[in-house]
Amino acid sequence: MQVVFDNIEQSYGKHALFRQLNLTIPSGKLFTLLGPSGCGKTSLLRMLGGFIRPDSGRILFGGVDVTGVPVNRRGVGMVFQDYALFPDRSILANVCYGLAARNIPRDQATQRALAMLKRVGLEAFADRPPSALSGGQRQRVAMARALVIEPKLLLLDEPLSALDVKLRVELRSMIRELQIEAGITTVFVTHDQEEALAMSDQIAVMNRGCVVQLGTPREVYTRPCTSFVADFVGSANLISITQELPQANGLRRLDSPAGVLLTNSAVPFQAGIKLAVRSEEISFAEAEAPKDGQVPGVVEHVEFRGSLTSYAIRTPAGTIAVASSGNGQQRQRIRGENVLLQLPFDAHLVEAA
Amino acid sequence: MIAGKLRRDPAWMATAIVAICLMAIFLLWPLVSMLGKSFINPDGQWGLHGYVRFFSESSYREVFFNTLILGAAVTAGSLLIGGGLALVVARCKFPFAGMLMILPLITMVIPDVVVAASWVLVLGKQGLINGWLAPLGIELPSLYSWWGLVFVMTLNNYAYAFVAVLVGLKSMDRSLEEAALSLGRPLSRVLLGVTMPLLLPSVFTGALIVFTHVIGSFGVPAILGARTPVLAVKAYNEFVSEMGGNPQMQTTMASLLVYLGAGLLLLQKFVVERRQFQMESGRTPAAIPLRGGKAIAAAGSVLLIVALSLLPAVVVFVTAFTPSVGPVLQYGGFTLNHFHYALVRAPQPLYNSLFLSTIATATGVVFSIASAYLIVKRRSLITHVLDVLVTLPLTIAGTVLGIALINSFSSGPLALTGTWVIMALAYFLRRVPSGVRSATGPLHNLKDSIEEASMSLGVGTLGSFVRVVLPVIGPSVGAAAVLMWVTTLSELSATIVLYFGGMNTMPIEIFQQVDSGRLALACAYSVLLLITIFTPLALARRIFRLNVGTIE
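Criteria and cut-off values
Residues numbered from 1 in each chain as written. Chains lettered and ligands numbered in written order. Predicted model: local features only at pLDDT ≥ 70, side-chain atom pairs only at ≥ 80, totals over all residues. Helix = DSSP H or I, 4+ residues; strand = E, 2+ residues; numbered from the N terminus. Rg over C-alpha atoms; globule rule 2.2 N^0.38 Å. Buried ≥ 20, exposed ≤ 12 C-beta atoms within 10 Å, placed from the backbone. Contact = placed C-beta atoms within 7 Å. Pairing = 2+ DSSP bridges. Right-handed = clockwise from strand over helix to strand, strands pointing away. Axes fitted to C-alpha atoms, helices over the stretch in contact; angles between N-to-C directions. pLDDT = per-residue confidence, 0-100. Domains from an automatic or database assignment. Core = buried A, V, L, I, M, F, W, Y, C linked by C-beta atoms within 7 Å. Expected span 1.5 Å × (residues − 1). Bend = angle between axes of the 7 residues up to and from the residue.

### Looking at the overall build of chain B
- Within chain B one finds 23 helices and four strands.
- Its C-alpha atoms give chain B a radius of gyration of 25 Å, near enough to 24 Å, the size a compact globule of 552 residues would have.
- With the principal axes as the frame, chain B shows a C-alpha extent of 75 × 70 × 50 Å.
- When the 552 residues of chain B are sorted by exposure, 46% land in the buried category.
- Taking the intrachain contacts of chain B between residues at least 6 apart in sequence as the baseline, contacts between residues at least 24 apart amount to 81%.

### Remarks on the overall build of chain A
- In terms of regular secondary structure, chain A is built from eight helices and 21 strands.
- The dimensions of chain A, computed from C-alpha atoms along their principal axes, are 80 × 45 × 35 Å.
- Put simply, 64% of the contacts in chain A that link residues at least 6 apart link residues at least 24 apart.

### Some thoughts on the pairing of strand β8 (residues 185–190) of chain A
All names here are of chain A.
- Taking burial as the measure, the six residues of β8 include six buried ones, the bulk of the element.
- Burial of the side chains of β8 extends over both faces: T185, V187 and V189 are buried on one face and T186, F188 and T190 on the other.
- Of the strand pairs in this sheet, strand β3 (residues 30–34) and β8 are connected by five bridges, and their pairing is parallel. Its bridge partner lying in β8, L34 is registered against T190.
- Relative to β8, strand β7 (residues 153–157) runs parallel, the two sharing five bridges. In the sheet register, L155 faces β8, and the bridge partner there is V187.
- At this point the chain moves from β7, through helix α5 (residues 165–182), to the parallel β8, and the crossover so formed is right-handed.

### Focus: the sheet that holds β7 of chain A
Residue and element names in this part refer to chain A.
- Strand order across the open sheet formed by six strands is β6-β7-β8-β3-β9-β10, with mixed pairing between neighbours. With one partner strand each, in any of the chains shown, β6 (76–79) and β10 (210–215) form the two edges of the open sheet. Each neighbouring strand pair of the sheet contributes to a mean axis angle of 20°, computed without reference to strand direction.

### Some points on the confidence of the model for chain B
Residues and elements named next belong to chain B.
- Per-residue pLDDT for chain B has a mean of 85; in total, 95% of the residues score no lower than 70.
- Across chain B, the secondary-structure element scoring lowest on mean pLDDT is helix α4 (residues 103–109), at 75, and the one scoring highest is helix α15 (residues 348–377), at 93.
- The complex model carries a pTM of 0.83, and its ipTM stands at 0.83.

### A look at the sheet that holds strand β17 (residues 294–304) of chain A
All names here are of chain A.
- Taken together, five strands build an open sheet; the order of strands is β16-β20-β17-β18-β19 and the sheet is antiparallel. The sheet is open, and its two borders are formed by β16 (283–285) and β19 (318–325), each paired with just one other strand. Averaged over all adjacent pairs, the angle separating strand axes in this sheet is 50°, with direction ignored.
- As paired strands, β16 and strand β20 (residues 338–342) are joined by three bridges and run antiparallel to one another. By the bridge assignment, A285 is partnered in β20 with L340.

### What to know about the pairing of β20 of chain A
- Here five bridges tie β17 of chain A to β20 of chain A, and the two strands are oriented antiparallel to one another. Bridging across to β20 of chain A, G297 of chain A finds its partner in V339 of chain A.

### With respect to the domain arrangement of chain A
All names here are of chain A.
- Along its sequence, chain A is organised into domain 1 (3–232) and domain 2 (237–350).
- A C-alpha centroid distance of 38 Å is found between domain 1 and domain 2.
- On the domain 2 side, the residues contacting the seven residues of domain 1 number five residues.

### Comments concerning unusual backbone geometry
All names here are of chain A.
- The phi dihedral of A84 falls on the positive side, at around 55°, and the residue is not glycine.
- Note on A84: 25 C-beta atoms within 10 Å, which makes it buried.
- Within the chain, N103 stands out as a residue other than glycine whose phi angle is a positive 60°.
- Relative to the helices and strands, N103 is located in the loop between α2 (91–101) and α3 (106–119).

### Description of the nonpolar core
- Within the largest apolar cluster, 152 residues are counted, with the highest numbers of intra-cluster contacts made by A116, A117, L257, V400 and A426 of chain B.
- No other element matches the 15 residues that helix α7 (residues 146–170) of chain B contributes to this core.
- If we ignore the near neighbours within four places in the chain, the residues touching V400 of chain B are A235, A254, L257 and V258 of chain B.
- Grouped together as the second largest cluster of nonpolar side chains are 101 residues, V76, I91, L154 and M199 of chain A included.

### A word on the confidence of the model for chain A
- Across chain A, pLDDT averages 90, with 98% of residues at or above 70.
- Here strand β21 (residues 348–350) of chain A stands out as the least confident element of chain A, with mean pLDDT 87; β3 of chain A is the most confident, with 96.

### Some details on helix α13 (residues 292–320) of chain B
Residues and elements named next belong to chain B.
- In this model, α13 (29 residues) spans 41 Å end to end at C-alpha, consistent with the 42 Å of a helix rising 1.5 Å per residue.
- When the local axis directions of α13 are compared, the greatest deviation, roughly 40°, occurs at L310, which is followed within four positions by the proline P312.
- Listed as buried for α13 are A298, V302, I305, S309, P312, V315, V316, T319 and A320.

Written out as structure tokens, the structure is:
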């Protein structure tokens, strides 16, 4: 079921959050709203749920206007950040709750609920109260409870943020598998870019009530359109460009405080434009003097992180983060060492936010 | 944003409007018209005549200052005893310390009149102690005096100070003291410089609760305070006096009590609560085990307080079985006559009390749950008004409420005076603040998402409330209902104004029997009242885990 936000306007007091927001969520896909807190992603999700009504504009479910339809008649499944399991009911009763509201006969409801609990690996816990389960298990119950009513639309409100790192990774693949199996249109809200990249078919990066960029995870990561996206998704190094110099060897040459940089980006030069460079694409060069595309610097801070080593390098263009894979090929640099950074040619030019 | 979160919720919106209308008609209007009447001079003109006369005639002025002095003295005594006990119990370990935890419940629900009656039996002119001392030619100072009043009322009220200070101490974070100690301060300076300031708001809260209670209380001053008239009693006397019943003086005194109560509530809301510190809920400071003499002293004082608090119950129990000839009690004998009278010959007060309390509690619980839900979960200007209205009865002494109700509902379309409805209404209004408060606590802890989850699963607003919210707040509301029931059973100060022939309640009966010197009969009724109070309370302790924290 395709979901459409049509000319949404919403303000809180004098502060306008959404101005003529339009957004289409494709049918059967996992669509992520990604952004910092206060960007409006949760408000959009709650509009889909029916908890907030926009000041003006329409919300369409499969072409049908549902703007005035109350929550309980929308047929959406929702998973909350704090699980929101009914504390006085057993796991099974929690999952049956929505089925009972739909007047499905008791034994049939129990059967479907048990099947769903089995799917999330918790059928053995059916008779326990929510308080007997761990956070990850509770969120799986919440998932089962939302999916068992076979909703047309599944809303996930930061479902993983209350969990620890290891569980988060485990649960996100389960959520994604369940979503693909059911082929259900899903809107996922998060501020965690890694989660967004890992799970989504499509990401809408939001800032201050606007969708800044819309695209697949790969597009958003490799071709950020503004410095905000570049910084928020994968925290790229942003190097200010002062002017464009004549091309050489098919590469554009750009002047920066750190010297001349090279890129094949097609984005035209304009004032305030920046070069976004991913830390893992920077390597150490073993030359005496910097050539074009190389930046000299001093190692300020070193962190060994197992699979990689991260460095903070002080350069004339500010501090640049470098992530060097720890495969043993590269010598570990030490604090205070003078180094030369080789920037990639395919780094992307981004507009100021 | 007048409607706020109610904008899309017609069902709750209607509930809010009904609740506000109820409070406006049955509380605000009587209160405002009573305050208004205090400004109408005998000649029918608006004026300050009543207040001028009140403060220029020494017999009235004295009443006002008596009230304040009594309030201050009892507050000081309660803080000393209650606060001290709380401090010792929270920070030290010693034998019998746990016994204190059940005390607040007991002292708060034993009716004033019963306590007053039992102390008359023990310390009165013809009392037990004077009986023992008489052969020695010694006589105790009269109980019907300042010291008797302060003594009995302190024993009646210290539990409020105890609970307030204890809650403050329990919410204290141990690491604050540890941090101060680690920075090189000696323990004594830490306690004075760090702990005391953090505790002060709780101490003030306790003091204000006690003070408000004392200036509004009727039973004890009416029985013991013949020589020290206070506002609540004087207003009542002015109300019942057939001859000199002056409506302006009556309403002036009632209004003065309202001003005092409102002033204290504002003080609490805007001065004390603002100073309340937000403390990280950490570990509470460890209790220090006491040994030797200190342990004996601590355990001894605890046992003494427990004994003094329980004494009334014991005394009335014994006396209820004691034969009496007129006012003279023959201790050592045994009779069931008094119970026979109270249960068989004149059981009406018991039925009346049970009937009124049940009605008031049933309506009170429904109203409190709905109001609390609106106040916590549907914030808007409307529910804010409701919040203020349901807090209002805290400022109104029972006698005052009675006078206000009877003035407003004696004629017109709502002529309730002389019916049981007005009595149940007074009980309902008096218990609404604590009822609402008991439901707001668990509602604050209930996450909005639980209700939203229910709605997203296909259940409507009211359905979600019934199926998801009610079960979660059920236990604390159940506990509150029991407390509401038992406290209305012992209501005296509003009842004394509102009751009419045939509608005697238990406290009224006890009060009248004490007044006419039939103490043994008063004790029999007291025992029955205590049984009807403590049975549900004991059950509630088991079922709802009712504890100190849920009271007031």
